[in-house]
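Here is what each chain is made of, one letter per residue.
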Amino acid sequence: MSGMRVRQSMTFPSFQRAALRALAALTMLLATSVRSNYVFDEDPFQPVTQDETVAVGGVVTLTCSVKENDNSSLQWSNTAQQTLYFGEKRALRDNRIQLVKSTATELIITIAEVQLSDDGEYTCSIFTMPVRTARATVTVLGVPGKPVITGFEDAVQEGSTVTLTCTSSGSKPPAKLHWYLNQEEKPGRPDVVESNPEEPTYTVTSELIFTVTRNDNNALIACAVDHPSIANGDKKTEQPLSVLFSPSVSIQPESDLPREGEKFYLQCLANGNPEPTAFVWRRKDGELPPLAKVDGAFLRFESLNKTDNGIYECQADNGIGMGDVSHTLLVQDPTAMSTSSGVDHAVIGGVVAVIVFIMLCLLIVLGRYLIRHKGTYLTHEAKGSDDAPDADTAIINAEGGHSGVDDKKEYFI
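Parameters at a glance
- Numbering of residues starts from 1 in every chain and runs along the sequence as written.
- Confidence filtering applies because this is a predicted model: local features only for residues at pLDDT of at least 70, side-chain atom pairs given and counted only at 80 or more, and all residues used for totals across whole chains, interfaces and linings.
- Just so you know, side-chain values use all the structure's heavy atoms and leave hydrogens and water out.
- In this description, strands pair whenever DSSP reports at least two bridges between them.
- Only DSSP runs of H or I with at least four residues qualify as helices, and only runs of E with at least two residues qualify as strands; both kinds are numbered from the N terminus onward.
- Interaxial angle, 0 to 180 degrees, is taken between N-to-C directions of lines fitted to C-alpha atoms, where a helix line uses only the stretch in contact.
- Two rings from Phe, Tyr or Trp (for Trp, the six-membered ring) form a pair when their centres sit within 6.5 Å of each other. Planes less than 30 degrees apart are called stacked, planes more than 60 degrees apart edge-to-face, and all others tilted.
- Buried means the residue's accessible area, taken with a 1.4 Å probe over protein chains only, is under 20% of the maximum for its type, while exposed means over 50%, and partly exposed covers the values in between.
- Ring-over charges, as used throughout, are those where CZ of Arg or NZ of Lys falls within 6 Å of the ring centre and within 35 degrees of the ring normal.
- A pair of sulfur atoms, both from cysteines and within 2.5 Å, is called a disulfide here.
- Here, a salt bridge means any Lys or Arg side-chain nitrogen found within 4 Å of an Asp or Glu carboxyl oxygen.
- A score between 0 and 100, pLDDT records how confident the predictor is in each residue.
- The contact rule is simple, with two residues in contact once any of their heavy atoms fall within 4.5 Å.

Novice: Whenever I open this one, the sheet that holds strand β12 (residues 161–171) confuses me. Can you help?
Specialist: By definition, the strands of a sheet pair up through backbone hydrogen bonds, in either a parallel or an antiparallel sense. On the basis of which strands lie adjacent, the open sheet formed by four strands has the order β10-β12-β16-β15 and antiparallel pairing. Edge positions in the open sheet fall to β10 (148–150) and β15 (192–195), since each of these has one partner strand only. Ignoring strand direction, the axes of neighbouring strands in this sheet form an average angle of 20°. Pairing between β10 and β12: three bridges, direction antiparallel. The partner of I149 across the bridge, within β12, is C166.

Spelled out as structure tokens, the structure:
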């Protein structure tokens, strides 16, 4: 007995090992068979779906189809495995979900007014033996809000460094921000991305740091959001930039030929932000003439005199700074002609000279032509008249003498 027990205890492990080997071989055979059917033999009852991407507030369409059906029903389930539609039958009371098409081989539904909570995997099932399923991932894009620009007051001083901040919230995935100055893109600091509490969205912030010049006055600063949920281009916010700068000044005379005894004025032109309102006129190395009156940006002369000659200076002040410029005044005699009139006369004189030259050339050519033809006429007129006894015979010989000679030669031949 004891020996038999020993043999049984020794025989059992061998049997167990053989059984395990057979089970493993069967498992591998089944796995190979399933894998082979999946890869090489397409299952006509296997549902087919596709992933979808939609922005918040949009409409997504879910399509499930099979090649063949054995009278089993198709079913769509949401991310929580709640049945949405079983064939033509609505299972979940959500008016956003509507049936588009239900046949033995296809089930199409739509979800309107998509929310961020609709993001996830949806399952299509067909209740064959065994049940076959397919999944479709719905990616819901969070639409970024309109960007907000902060960081500078109503106006900034020329030469100062400005730090601007642009913020956009509600994007999923995180949006990208771009800076523009008068349509020219400016590089900003890398975007800072922060998750919004209790929401699967993000807030994105970007900074632009630059030194302003007077050329930036009234320029448009823009921050644009780039995101796949924005179908019609960038979402942009623009804001004008006001730069305060000291005036640049020039003097504009009333005419380029101030003549003695006439009224005349000098105008001080100043460009600054804000516009200059205070003007100071001075005469270098002396007082202003008695008949010269200051009228804001104008210096008016009631009657010019040679004693008014000199250098006049204008200084403009706009509260931010001052600018000044000088102009030399030279009073001319009353009979002096303006520079523009002199230029006109010079042009007219040049045109007349060209015309006269052309006429002379034509006369010379015409004279030579007449002289040449006159000599030829005299030569022909003298032929046959030398031997004529009288004037009538000379004329007859001159007109037809040549042909007569030809006739005579023809007669003797």
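Novice: Hey, could you run me through the sheet that holds strand β20 (residues 264–273) in this one?
Specialist: Across the sheet, which stays open at both edges, the five strands sit in the order β11-β19-β20-β23-β22 with mixed pairing between neighbours. Since the sheet does not close on itself, it has two edges, and those belong to β11 (156–157) and β22 (292–295), each with one partner. Bridge count for strand β19 (residues 243–253) against β20 is seven bridges, and the pairing is antiparallel. In the sheet register, F245 faces β20, and the bridge partner there is N273.

Novice: Can you walk me through the pairing of β22 in this structure?
Specialist: The side chains of a regular strand alternate, residue by residue, between the two faces of the sheet. The pairing of β22 with strand β23 (residues 298–301) spans four bridges and is classified as antiparallel. Across the sheet, the residue bridging to K293 is R300, located in β23. Connecting β22 to the next strand, β23, in antiparallel fashion are two residues, including G296 with a positive phi near 65°.

Novice: Where do I start with the packing of aromatic side chains in this structure?
Specialist: We describe a pair of aromatic rings using the distance from one ring centre to the other and the angle between the two ring planes. If you walk through the whole model with that rule in mind, you get four aromatic pairs. Measuring from centroid to centroid gives 6.2 Å for F264 and F301, while their planes differ by 40°, and the two rings are tilted. Taken together, the residues span a long stretch of sequence, with F264 in strand β20 and F301 in strand β23 at a distance of 37 residues. Judged by its relative accessible area of 4%, F264 falls in the buried class. In this structure F301 comes out as buried when scored by relative accessible area, which is 3%. An aromatic cluster of three or more residues is present, and its members are F264, F301 and Y312. Here R300 stacks its cationic end above the ring of Y265, 5.6 Å away from the centre of that ring.

Novice: Teacher, can you tell me more about the state of the cysteines here?
Specialist: Disulfide: a covalent bond formed between the sulfur atoms of two cysteine residues. Considering all chains together, one arrives at three disulfides under this definition. Disulfide partner of C166: C223, at an S-S distance of 1.9 Å. Negative torsions about the S-S bond denote left-handed disulfides, and the value of about -85° found for C166 with C223 makes this one left-handed. Here C166 is found in strand β12, whereas its partner C223 is found in strand β17 (residues 219–226), with 57 residues between them in sequence. Under the relative-accessibility criterion, C166 is labelled buried at 0%. The disulfide partner of C268 is C314, and the S-S distance across this bridge is 2.0 Å. On the S-S bond that ties C268 to C314, the torsion sits near -95°, and the link is left-handed. In this pair, C268 is assigned in strand β20 and C314 in strand β24 (residues 310–317), connecting sequence segments 46 residues apart. Grouping residues by exposure puts C268 and C314 together as buried. Regarding the disulfides, the protein chain carries the connectivity 1-2, 3-4, 5-6 under sequence-order numbering of its bonded cysteines.

Novice: How should the pattern of salt bridges be read in this particular structure?
Specialist: Oppositely charged side chains are able to pair whenever their charged atoms sit close together. A full pass over the atoms with the stated rule returns twelve salt bridges. Residue D118 pairs with R96 through a salt bridge whose shortest N-O separation is 2.8 Å. Taken together, the positions of D118 in the loop between β7 (106–111) and β8 (120–126) and R96 in the loop between β5 (89–90) and β6 (97–102) put the pair 22 residues apart, joining distant regions of the chain. R96 carries the same exposure label as D118, and that label is buried.

Novice: For this particular structure, what's the right way to read unusual backbone geometry?
Specialist: It is generally the case that most residues other than glycine have a negative phi and that most peptide bonds are trans. Cis geometry is adopted by the peptide bond preceding P173, which originates at K172 and carries an omega value of -5°. As for its placement among the helices and strands, P173 is situated in the loop between β12 and β13 (176–181). Phi angles above zero are rare outside glycine, and N71 is one such case at about 70°. With respect to the helices, strands and loops of the structure, N71 is situated in the loop between β2 (60–65) and β3 (74–77). Using a relative accessible area of 78% as the deciding quantity, one classes N71 as exposed.

Novice: Got a minute to help me understand the confidence of the model for the protein chain in this structure?
Specialist: Interpretation of this model should avoid reading the predicted coordinates in detail wherever pLDDT is low. Averaged over every residue, the pLDDT of the protein chain is 82; the share at 70 or more is 77%. By mean pLDDT, the top-scoring element of the protein chain is β2 (97), and the lowest-scoring one is helix α1 (residues 2–39) (38). Within the model, pLDDT remains below 50 along residues 1–41, and this stretch shows two contacts once partners closer than five positions in the same chain are excluded. Segment residues 398–413 is flagged for pLDDT under 50; beyond a separation of four residues in sequence, or across chains, it makes four contacts in the model.

Novice: Help me understand the environment of L74 in this model?
Specialist: Mapped onto the secondary structure, L74 falls in strand β3. Separated by 33 residues in the primary sequence, L74 and L107 have C-alpha atoms spaced 6.5 Å apart.

Novice: Sorry, what's going on with the pairing of strand β16 (residues 202–211) here?
Specialist: Of the pairings in the sheet, the one linking β12 to β16 comprises ten bridges and is antiparallel in character. In the strand pairing of β16, T167 is matched with T205. Strand direction decides the pairing type here: β15 and β16, joined by four bridges, are antiparallel. Within β16, the residue paired with E194 across the bridge is T203. Taking the residues that link successive antiparallel strands as the turn, the β15-β16 hairpin has six residues, and the phi of E198 there is positive, at about 65°.

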